[in-house]
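Take a look at the letters that make up each chain.
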Amino acid sequence: MPAEQHDRFLIRGYRPGDEEAILDLFARSFHPPRSLEQWRWKFQENPWGRERISLAFDEGRLVGHYAGYPVPFVLDGSPFEANHIGDTMTDPSVRHIGRGPTSILGRTALHFYATFSEGRVAFNFGFNVGNIQRFSRRFLSLQFVEPVAYRARDLRQSPFRRLTRAERWARGVRFELVRETTAEWDTLFDRVARQHGFLVRRDARYVSWRYLQSPDPAYSVIAIRKWSALAGWLVFRIREDRFLLGDLLLDPRHAGVLEPALRHLTHLFPVAAVETWCPPRPPWLDRLLTGLGLERRPEPQDLSLMCVPFGRGETVGEMRSRLYYTMGDSDLF
């Protein structure tokens, strides 16, 4: 798509060398700043696509940025692709210019839709706070799906009982810190995907890129085995005194392995709370987490899941009824 020129502003897609200006704008918009390595991992090393970035320039100076990265999804065995939207930002000096779709943010977003979304992906999605939700719903066709399904257990009031070695052996449960994924992870995903409904394709390639190759932050990926077979895996990081259970895939036949895993890890890494995201879908996982004391609570930042469908008019309804997601499906974990 050709660049859009209007008055003194130029809206165009990313070109090699733009990253220095992008990182400078990011540092002025968010905290902490992003490293070049992290930017390359997110926007250039993604296995499903690269450099899906729309930029706005004010007489050569970068003042607007709207970007996303492709994510593979599966629903009832059918694969399709979506864009995860993130790093939406404008320089304060241009926020008063235009209104809605004529604002710098609006024009940059519409350039992204035309260039990287329409005819290319099933939908765009993101996890947004209230101010960007209101703007995007009014001017950018963003649709509300639901408030983020946040769960937590206060370990100061209700600690997990320590898992003994004898218990672990009796249950046939083993935990492994993962450095690389194998075809076994693909087999697990293919076996359990339908029991999770509508979800990101959490196979070996995805886990490797999303967590093991990430330069910052560093994640801990744990394989959970039941009598030597891969029964599931989880991803966590410790932030301050909280255990963030950021991603999880379980074989429902062996879902009980999560309880000893949390008992073991929360004593290995003493924390005050366990926090996670998980909607009441699938029902068997909702019952498991509720039984483990991970109670549904309001999300502290008032985040909501939002979506812009492209050619799949039923997407929002399918998300509300069938989508399984975690913290790791956002770029906030």
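Refer to the preceding data block for the structure.
Below is a summary of the structure that appears in this document. (Residues numbered from 1 in each chain as written. Predicted model: local features only at pLDDT ≥ 70, side-chain atom pairs only at ≥ 80, totals over all residues. Heavy atoms only, no water.)

Regarding the overall build of the protein
Next up, step 1: Within the protein, the regular secondary structure consists of ten helices and 16 strands.
Next up, step 2: The globule rule puts the C-alpha radius of gyration for 333 residues at 20 Å, and the 21 Å found for the protein is close to it.
Next up, step 3: In terms of principal-axis extent, the alpha carbons of the protein reach across some 70 × 40 × 35 Å.
Next up, step 4: Relative to its 333 residues, the protein shows a buried fraction of 58%.
Next up, step 5: Contacts spanning at least 24 positions in sequence make up 74% of the contacts within the protein whose residues lie at least 6 apart.
Next up, step 6: Counting every atom, the protein has about 14800 Å² of accessible surface; 50% of that belongs to carbon and sulfur.
Next up, step 7: Positive and negative charge centroids in the protein, built from 47 and 40 side chains respectively, lie 5 Å apart. (Helix = DSSP H or I, 4+ residues; strand = E, 2+ residues; numbered from the N terminus. Rg over C-alpha atoms; globule rule 2.2 N^0.38 Å. Buried < 20%, exposed > 50% of the residue type's maximum accessible area, 1.4 Å probe, protein only. Contact = heavy atoms within 4.5 Å. Areas by Shrake-Rupley, 256 points an atom, 1.4 Å probe, with all protein chains shown as cover. Lys, Arg positive; Asp, Glu negative; His and termini not counted. Charge placed at Lys NZ, Arg CZ, Asp CG, Glu CD.)

Here we look at helix α6 (residues 183–196)
Next up, step 1: A rise of 1.5 Å per residue sets the reference length of α6, with its 14 residues, at 20 Å; its end C-alpha atoms lie 20 Å apart and thus fit the reference within 8%.
Next up, step 2: Maximum bend of α6: about 30°, positioned at D190.
Next up, step 3: When α6 is considered as a whole, its buried residues turn out to be W185, L188, F189, V192, A193 and H196.
Next up, step 4: Phi turns positive, to about 90°, at G197, one or two residues after α6. (Expected span 1.5 Å × (residues − 1). Bend = angle between axes of the 7 residues up to and from the residue.)

Side note on the nonpolar core
Next up, step 1: Grouped together as the largest cluster of nonpolar side chains are 80 residues, with contacts concentrated most on F73, F123 and L234.
Next up, step 2: Leaving out residues up to four positions away in the same chain, F123 has contacts with F73, F80, E81, A82, N83, F198, C307, V308, P309, F310, T315 and M319.
Next up, step 3: L105, F116, I132 and L140 belong to the second-largest nonpolar core, a separate cluster that totals 15 residues. (Core = buried A, V, L, I, M, F, W, Y, C linked by side-chain atoms within 4.5 Å.)

Description of unusual backbone geometry
Next up, step 1: Cis geometry marks the peptide bond from H31 to P32, where omega comes out at 0°.
Next up, step 2: Position of P32 among the secondary structure elements: in the loop between α1 (19–29) and α2 (36–43).
Next up, step 3: Between D216 and P217 the backbone carries a cis peptide bond, its omega angle lying at 5°.
Next up, step 4: Here P217 shows up in the loop between α7 (204–212) and β11 (220–226).
Next up, step 5: Look at W227: it is not a glycine, yet its phi comes out positive at around 50°.
Next up, step 6: If you check the backbone angles, S228 has positive phi at about 80° while not being a glycine.
Next up, step 7: As for its position among the elements, S228 is in the loop between β11 and β12 (229–239).

Examining the sheet that holds strand β9 (residues 173–177)
Next up, step 1: The mixed open sheet is built from seven strands, whose spatial order is β9-β11-β12-β13-β14-β8-β15. Edge strands, defined here as strands with exactly one partner in the open sheet, are β9 and β15 (295–297). Taken pair by pair, the neighbouring strands of this sheet meet at an average axis angle of 30°, ignoring direction.
Next up, step 2: Of the strand pairs in this sheet, β11 and β12 are connected by seven bridges, and their pairing is antiparallel. By the bridge assignment for β12, R225 is matched with L230.
Next up, step 3: Across the sheet, α6 lies against β11, β12 and β13 (242–250), angled at about 90° from β12, the strand it touches most. (Pairing = 2+ DSSP bridges. Axes fitted to C-alpha atoms, helices over the stretch in contact; angles between N-to-C directions.)

Considerations on the side chain of T326
Next up, step 1: One can find T326 in the segment after α10 (315–322).
Next up, step 2: One polar contact links the side chain of T326 to the main-chain carbonyl oxygen of G246, over a distance of 3.0 Å.
Next up, step 3: If sequence neighbours within four positions are ignored, T326 has contacts with R202, G246, D247, L248 and W277. (Polar contact = N/O pair within 3.5 Å; in protein donor to acceptor, adjacent residues only side chain to side chain.)

Examining the packing of aromatic side chains
Next up, step 1: Enumeration over the complete set of coordinates arrives at 29 aromatic pairs.
Next up, step 2: Both rings, one in F125 and one in F127, keep their centres 6.3 Å apart while their planes meet at 85°; by these two values the pair is edge-to-face.
Next up, step 3: Among the residues examined, F125 registers a relative accessible area of 4% and is labelled buried.
Next up, step 4: Grouped by ring-pair contacts, the aromatic residues F73, F80, F123, F125, F127, F198, W277 and Y325 constitute a single cluster.
Next up, step 5: The ring of F160 is capped by R153, whose NZ or CZ atom sits 3.9 Å from the centre of that ring. (Phe/Tyr/Trp six-rings, centres within 6.5 Å; stacked < 30°, edge-to-face > 60°. Lys NZ or Arg CZ within 6 Å of the ring centre and 35° of its normal.)

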